[in-house]
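Architecture at a glance
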Amino acid sequence: MRTFRLVIACPDRVGIVAKVSNFLASHNGWITEASHHSDNLSGWFFMRHEIRADTLPFGLEAFREAFAPIAEEFSMTWRITDTEQKKRVVLMASRESHCLADLLHRWHSDELDCEIACVISNHDDLRSMVEWHDIPYYHVPVNPQDKEPAFAEVNRLVKQHEADVVVLARYMQILPPELCREYAGKVINIHHSFLPSFVGAKPYHQASLRGVKLIGATCHYVTEELDAGPIIEQDVVRVSHSDSIEDMVRFGRDVEKMVLARGLRYHLEDRVLVRGNKTVVF
């Protein structure tokens, strides 16, 4: 069923829900899902509504025009999207295939409601897997001594394919600050949740030596501060002294796949609202 997704963040006060609900009711809007959250610490209110598109007398542009006075009255940061317009996703990867393969499978199986515009990689290892799905594959090698040309090409490809979101599916390069700023809130990353412990190479080997009992993964938006952006989703799996390093790596890959897939789904469904470095996920 085609729906419109209305997502709102604004300073908290009395009457927000009533005003929005009355607006929708006055236009015969049928709400199929409603989520609200009042953050007492920040004093902000967050809202997400799904409305049956076939019950409204207008499309997105007319909706925006009609709703604008209410948004101005309540100082809202807001957006309205149409589920009929699929978001365009650019995937980026290096040599590890587990996250990329999982997302491709979910997309191929219609579990992810999006268009995968292309895959960009700094290695050529995963080309055959991607092209089997009839998705363009771009090999953009990164020169450690001069990374600027590579990231200029990445930026060109992202713009060329009109990406709504970029997913770093174990892309093992750090995006430059200017790209982080340009695509703020539009680049999703996944990493193991050992950070800030066990930094650098072979984190699972380091963790095994410390006898950790939990392995996890964190999906977050990329910011200029490395691995410190707003968190979208996290999960953990228990391990014990009897698990080998190979077991821990396998468990880690499994949880990374699940967390990244859920985080991307939340983003595609307009369920993530960002305020500062914190998210509300409906």
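Basis of the calculations
- Once a new chain begins, its residue numbering starts again from 1 and follows that chain's sequence as written.
- A pLDDT threshold of at least 70 governs which residues receive local features in this predicted model, and a stricter bar of 80 or more applies before side-chain atom pairs are shown or counted, although totals over entire chains, interfaces and linings include all residues.
- Side-chain descriptors were evaluated using all non-hydrogen atoms of the structure, hydrogens and water having been removed beforehand.
- Using protein atoms alone on a 1 Å grid, points that fit a 1.4 Å probe yet trap it form a cavity, whereas open point sets bounded by protein on both sides within 12 Å along at least five of seven lines form a pocket; residues with an atom within 4 Å of a point count as lining.
- Grid points are joined across faces, edges and corners, and a volume is the space filled by probe spheres set on the points.
- We count a stretch as a helix when DSSP gives it H or I for four or more residues in a row; a strand needs E for two or more, and each element gets its number in order from the N terminus.
- Note on residue classes: Ala, Val, Leu, Ile, Met, Phe, Trp, Tyr, Cys and Pro are nonpolar, Asp, Glu, Lys and Arg are charged, and everything else, Gly too, is polar.
- UniProt positions are given in the numbering used here, feature names are shortened, and annotations may be inferred rather than shown by experiment.
- Paired strands are those between which DSSP finds at least two bridges.
- For helices, the fitted axis covers only the stretch in contact; all axes are lines through C-alpha atoms, and the angles between them, taken along N-to-C directions, range from 0 to 180 degrees.
- Disulfides are defined in this document as cysteine sulfur pairs within 2.5 Å.
- Three labels apply to residues, based on accessible area from a 1.4 Å probe with only protein chains included: buried if under 20% of the type maximum, exposed if over 50%, partly exposed otherwise in between.
- Should a side-chain nitrogen of Lys or Arg be within 4 Å of a carboxyl oxygen of Asp or Glu, the pair is scored as a salt bridge.
- Domains are outlined according to an automatic or database domain assignment.
- Any pair of residues with heavy atoms lying within 4.5 Å of one another is described as a contacting pair.
- Summed over both partners, the accessible surface that disappears when two parts come together, traced with a 1.4 Å probe, is what is meant by buried area.

1. Focus: the layout of surface pockets
Size it by volume and the largest pocket reaches roughly 730 Å³. Forming the boundary of the largest pocket are 36 residues, of which Arg170, Met172, His191, His192 and Asp227 lie nearest the centre. For the lining of the largest pocket, the secondary structure elements donating two or more residues are α6 (177-182), β9 (187-192), α7 (203-210) and α8 (245-268). In terms of residue class, the lining of the largest pocket is made up of 18 nonpolar, 10 polar and eight charged.

2. Some details on empty space enclosed by the protein
The final tally for this structure, using the stated rule, is one cavity of 30 Å³ or more. The calculated volume of the largest cavity comes to roughly 70 Å³. What lines the largest cavity is Met92, Val154, Asn155, Val158, Val166, Leu175, Leu179, Tyr183 and Val187. For the lining of the largest cavity, the residue count by class is eight nonpolar, one polar and no charged.

3. Structural notes on the UniProt feature "domain: ACT" (unreviewed entry) in the protein chain
Under the UniProt annotation, the feature "domain: ACT" (unreviewed entry) is placed at residues 5-88. The span residues 5-88 carries 30% helix and 39% strand; its end-to-end C-alpha distance comes to 17 Å.

4. A few points about the sheet that holds strand β4 (residues 77-82)
Pairing is antiparallel in the open sheet, where four strands are placed in the order β2-β3-β1-β4. Of all the strands in the sheet, the pair left with one neighbour each is β2 (31-39) and β4. Within the sheet, the average angular offset between the axes of one strand and its neighbour, ignoring direction, is 5°. As judged from the nine bridges shared by strand β1 (residues 3-11) and strand β3 (residues 44-52), these two strands associate in the antiparallel manner. Bridge assignment links Phe4 to a residue of β3, and that residue is Ile51.

5. A short note on the state of the cysteines
Applying the stated rule across the entire model yields zero disulfides. There is no disulfide at Cys114, and the cysteine sulfur nearest it, in Cys118, is 12 Å away. With relative accessibility at 5%, the residue Cys114 sits in the buried group.

6. Details of the pattern of salt bridges
Per the counting criterion, the structure on display carries 33 salt bridges. Among the salt bridges present, the one from Glu96 reaches Arg253, with a minimum N-O distance of 3.8 Å. Within this pair, whereas Glu96 is found in the loop between β5 (87-93) and α3 (98-108), its partner Arg253 is found in helix α8, the two being separated by 157 residues in sequence. Residue classification places Glu96 among the partly exposed positions, given a relative accessible area of 28%. The exposure class of Arg253 is partly exposed, given its relative accessible area of 39%. Linking Asp247 and Arg250 is a salt bridge whose minimum nitrogen-to-oxygen distance equals 3.0 Å. Pair noted here: Asp247 and Arg250 are both in helix α8, with a separation of three residues, about one helical turn. A relative accessible area of 44% means that Arg250 is categorised as partly exposed.

7. Section: the domain arrangement of the protein chain
Taken domain by domain, the protein chain holds domain 1 (3-82) and domain 2 (88-281). Each of domain 1 and domain 2 has a C-alpha centre, and these two points are 31 Å apart. Between domain 1 and domain 2, the contact holds 14 residues from the first and nine residues from the second. Between domain 1 and domain 2, the buried area comes to about 990 Å², and carbon and sulfur atoms account for 52% of it.

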